[in-house]
Amino acid sequence: MKILKPLYHPRHKQIDTRGANERGYTYRWQQYAKQFLREHPLCARCEKEGVTEAAEVVDHIIPVRGPYDSLFWVASNHQALSARCHSIKTREDDAKLAQSSTYSTRVVIVYGLPASGKTTYVLNTMERGDIIVDMDRLAEAISGLPRHSRAETLLPFTASARDAIYARLRRPSDINTAWIITTDINAARRLSSEFGGSMVEMKVDEEERQRRIAMRNQDLGATGG
Ligand SMILES: [Zn+2]
C-alpha cells in the first residue's frame, strides 16, 4: 500500500539548503542518470526547437521536493537536458515556486491537442490520492454519457464543477498534486501563472494523433454515443 505523505509544502521550503544527498541525488540517482542519458543523448528542450544539442543532466520536468516526493523516480517525469537548458529551466522553476507559495497543493497543467496523450501521461505519473481536473471526465461523471461524446448543453455545468475545484484549490488541503488537463494553451498559461503550476506539453506525431481520434470516434459510434 502506498502511504500518502504531505510532501509538497513549498511555503516551508523556499530556500533549499540541503546537500545533494539529502535532496535525493545519491549514488543510485547518478547511476540512473547515466543510464538515462545513454538512452536519451539529446537535449529535449533544444529538440523541441529543432536544435541538436548534447544532453548532460537528467531533469525533473515537474520539480520535486526531495527523494520522497512521489514524482522523484517516475520515469515520465524525467527529461534529458543540456547544462545550459537546465540552468534556464531551474530559474523558471524557482520563479514558479515563489508564486505557488500561497498554495499547499502542487498544480500541474498538462496541455496539448486532443488525443495527444494527456490523460495517459497523467495516469502514469500521478499518485493515488491526487486529483484530475478534466472537462471530459467531469462531463462523463455528471451525464453518464461516454467520454468525448460532446454534449454541448452540459458545458455550463461542467465549467461550474471545474471552477468549484479551482476555488477549492486556493485553500489549504492534504492533496499533494492536482493535475489539470486542457487543450487550450492560453488557459494553460493563465492557470500556470495563477497557481504557480508547472506546464507539461503533450506532443505526438500528427499521423498517430489522427489514428487515435479515428479509433475514439469508432468506439463512440459503437456505444451509441
Ligand atoms: Zn538544450
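All values derive from a computational prediction rather than experimental measurement. (Residues numbered from 1 in each chain as written. Predicted model: local features only at pLDDT ≥ 70, side-chain atom pairs only at ≥ 80, totals over all residues.)

The helix and strand inventory of the protein chain stands at 8 helices and 6 strands. In the protein chain, the succession of α and β elements from N to C terminus is α-α-β-β-α-β-α-β-α-α-β-α-β-α. Burial status across the protein chain gives 24% buried among its 225 residues. In the protein chain, once contacts between residues fewer than 6 apart in sequence are set aside, the share between residues at least 24 apart is 74%. (Helix = DSSP H or I, 4+ residues; strand = E, 2+ residues; numbered from the N terminus. Buried ≥ 20, exposed ≤ 12 C-beta atoms within 10 Å, placed from the backbone. Contact = placed C-beta atoms within 7 Å.)

With that out of the way, let us pick up the sheet that holds strand β5 (residues 177–182). One open sheet accounts for 4 strands, arranged β4-β5-β3-β6; its pairing is parallel. Each of the sheet's edge strands pairs with one partner strand only, and the pair in question is β4 (131–134) and β6 (198–201). Along the sheet, successive strands turn relative to each other by an average axial angle of 20°, direction set aside. The pairing of strand β3 (residues 106–111) with β5 spans 6 bridges and is classified as parallel. Paired with Y111 across the strands is T182, a residue of β5. Across the sheet, helix α4 (residues 118–125) is in contact with β3, β4 and β5; its angle to β5 comes to roughly 170°. (Pairing = 2+ DSSP bridges. Axes fitted to C-alpha atoms, helices over the stretch in contact; angles between N-to-C directions.)

Viewed as axis vectors pointing N to C, helix α5 (residues 135–143) and helix α6 (residues 155–169) meet at an angle of 115°, and their least axial separation amounts to 9 Å. Classified by the angle between their axes, α5 and α6 sit roughly perpendicular to one another. Once α5 is placed against α6, the crossing between them reads as right-handed. Contact with α5, carried on its side by M135, L138, A139 and I142, involves F157, T158, A161 and R162 of α6 and no other residues of that element. (Parallel < 35°, antiparallel > 145°, perpendicular 65-115°, else oblique. Left-handed = near helix turned anticlockwise from the far one by under 90°.)

Its identity is not glycine, yet A115 carries a phi of approximately 65°, on the positive side. Among the structural elements, A115 can be located in the loop between β3 and α4.

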